[in-house]
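# Survey of secondary and tertiary structure
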Amino acid sequence: NYKAVIFDLDGVICHTDHYHYLAWKEVADELGIYFDESINHRLRGVSRKESFDIILERYDKIMGEEDKEIYLTKKNEGYQKLLKGMTPSDLSEETKNTLLELRKRGMKLAIGSSSKNAGLIIKQLGLEHFFDAVSDGNMITHSKPHPEVFQKAASMVNCEAENCLVVEDAKAGLEAAKAGGMDCAAVGDAVKSPLADYKLSSFRQLLEIVE
Ligand code: G16
Ligand code: MG
């Protein structure tokens, strides 16, 4: 039985993928690289640096590490500008009520996100005092599909892997959960993956799994 639920952030608690898309699009346009929503989809759950390498697959030159840093910073500045426009109204009622009910049932609630902007996003949504632990891209050396970000979240809430349920929207995240010995519930496109222990068609269905 579960004692903690570890939530991925982008794609589960909030939907910042379109902001990622807009910020990457600006960088790609500047470099003359073709970039569209379907390429953006491949960036889900993947770190910023690895995302850029995927975008650069369509670049006909070789970019040095220093130049990469410049564009990574540019992308992040554009992305943060968009994040700052987010407000607590960007958190859905269903998500909020489900989180509250899970907490009422005694679950520890944690975030396990690849994003280095997790703290900012959580603050924009008005959830800064809500989670028992936030494990994010600033605290890890290996990003998903490596289990580190979820293992860190589990240890922050003092839970064994077998008592944790991970909620994820990305293949890399499901792989990370399984590699860490955790069960995972998939939302969105991730429901197509055979790695999912549960397939959610709505966020509130979590309440049927975690009794
Ligand atoms: C999120 C997104 C990814 C993004 C990554 C890093 O992960 O899904 O697309 O590349 O964070 O974000 P940042 O540039 O803010 O560090 P997650 O794990 O919350 O889905
Ligand atoms: Mg995600």
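Residues numbered from 1 in each chain as written. Chains lettered and ligands numbered in written order. Predicted model: local features only at pLDDT ≥ 70, side-chain atom pairs only at ≥ 80, totals over all residues.

### Points about the overall build of the protein
A tally of helices and strands in the protein yields 9 helices and 6 strands. Rg of the C-alpha trace for the protein: 17 Å, near the compact-globule value of 17 Å for 211 residues, within the 12% margin. Counting only C-alpha atoms and orienting by the principal axes, one finds that the protein spans roughly 55 × 35 × 30 Å. Expressed as a percentage of the 211 residues in the protein, the buried residues total 40%. Taking contacts inside the protein between residues at least 6 apart in sequence as the whole, the part at least 24 apart equals 58%. (Helix = DSSP H or I, 4+ residues; strand = E, 2+ residues; numbered from the N terminus. Rg over C-alpha atoms; globule rule 2.2 N^0.38 Å. Buried ≥ 20, exposed ≤ 12 C-beta atoms within 10 Å, placed from the backbone. Contact = placed C-beta atoms within 7 Å.)

### A look at the pairing of strand β2 (residues 108-112)
Across the 5 residues that make up β2, a large majority, 4, are buried. Bridging between strand β1 (residues 4-7) and β2 involves 4 bridges; their strand directions are parallel. Counted as the bridge partner of Ala4 is Lys108 from β2. The sheet contact formed by β2 and strand β3 (residues 133-135) spans 3 bridges and is parallel. For Gly112, the partnering residue across the bridge sits in β3 and is Ser135. After leaving β2, the chain enters helix α6 (residues 118-124) and then returns to the sheet as β3, a path that is right-handed. (Pairing = 2+ DSSP bridges. Right-handed = clockwise from strand over helix to strand, strands pointing away.)

### A closer look at the site of ligand 1
In the neighbourhood of ligand 1, 20 residues make up the surrounding shell, with Arg48, Ser113, Ser114, Ser115 and Lys116 lying closest. Each residue belonging to the shell around ligand 1 can be placed in one class, and the counts come to 4 nonpolar, 11 polar and 5 charged. (Near = placed C-beta within 6 Å. Nonpolar A, V, L, I, M, F, W, Y, C, P; charged D, E, K, R; others polar.)

### Brief notes about helix α8 (residues 171-179)
Within α8, burial applies to Lys171, Ala172, Gly173, Leu174, Ala176 and Ala177. Tucked into the core, α8 has its buried residues touching α7 (148-156), β4 (164-168) and β5 (183-186). One or two residues past the end of α8 sits Gly181, with phi positive at roughly 75 degrees.

### Points about the packing of helix α3 (residues 48-55) against helix α4 (residues 65-83)
At a minimum axis distance of 11 Å, the contact between α3 and α4 shows a crossing angle of 110 degrees. By the angle between their directions, the pair α3 and α4 is classed as roughly perpendicular. Contacts between α3 and α4 pair Arg48, Lys49 and Phe52 from the former with Lys68, Tyr71, Leu72 and Asn76 from the latter. (Axes fitted to C-alpha atoms, helices over the stretch in contact; angles between N-to-C directions. Parallel < 35°, antiparallel > 145°, perpendicular 65-115°, else oblique.)

### What about the sheet that holds β2?
In spatial order, the strands read β3-β2-β1-β4-β5-β6; together these 6 strands make up an open sheet with parallel pairing. The open sheet has two free edges, formed respectively by β3 and β6 (198-199), since each of these has just one partner strand. Both β1 and β4 contribute to a ladder of 4 bridges, which runs parallel. Pairing of Ala4 across the sheet is with Cys164, part of β4.

### Some details on α4
Here α4 is 19 residues long and its end C-alpha atoms lie 26 Å apart, about the 27 Å a rise of 1.5 Å per residue gives. Buried-residue contacts for α4 involve α1 (17-31) and α6. (Expected span 1.5 Å × (residues − 1).)

### Some details on unusual backbone geometry
For the bond running from Lys144 to Pro145, omega is 15 degrees, close enough to zero to count as cis. The backbone of Asn158 shows a phi angle near 60 degrees, a positive value even though the residue is not glycine. Structurally, Asn158 is set in the loop between α7 and β4.

### Points about the UniProt feature "active site" (unreviewed entry) in the protein
The UniProt entry lists Asp8 and Asp10 under the feature "active site" (unreviewed entry), expressed in the numbering used here. If you trace the backbone, Asp8 turns up in the loop between β1 and α1. Inspection of the secondary structure puts Asp10 in the loop between β1 and α1. Ignoring anything within four residues of it in the chain, the contact list for Asp10 reads Thr16, Asp17, Ser113 and Ser115. (UniProt positions renumbered as here; feature names shortened; annotations may be inferred.)

### Notes on the nonpolar core
The nonpolar side chains of a soluble globular protein tend to be buried with one another. Ala4, Ile6, Phe150, Ala153, Val166 and Val167 are the most contacted members of the largest nonpolar core, which totals 57 residues. Ranked by residues supplied to this core, first place goes to α7 with 5 residues. Once you skip the residues sitting within four places of it in the chain, Phe150 turns out to touch Ile6, Gly112, Val166, Ala176, Ala177, Gly180 and Met182. (Core = buried A, V, L, I, M, F, W, Y, C linked by C-beta atoms within 7 Å.)

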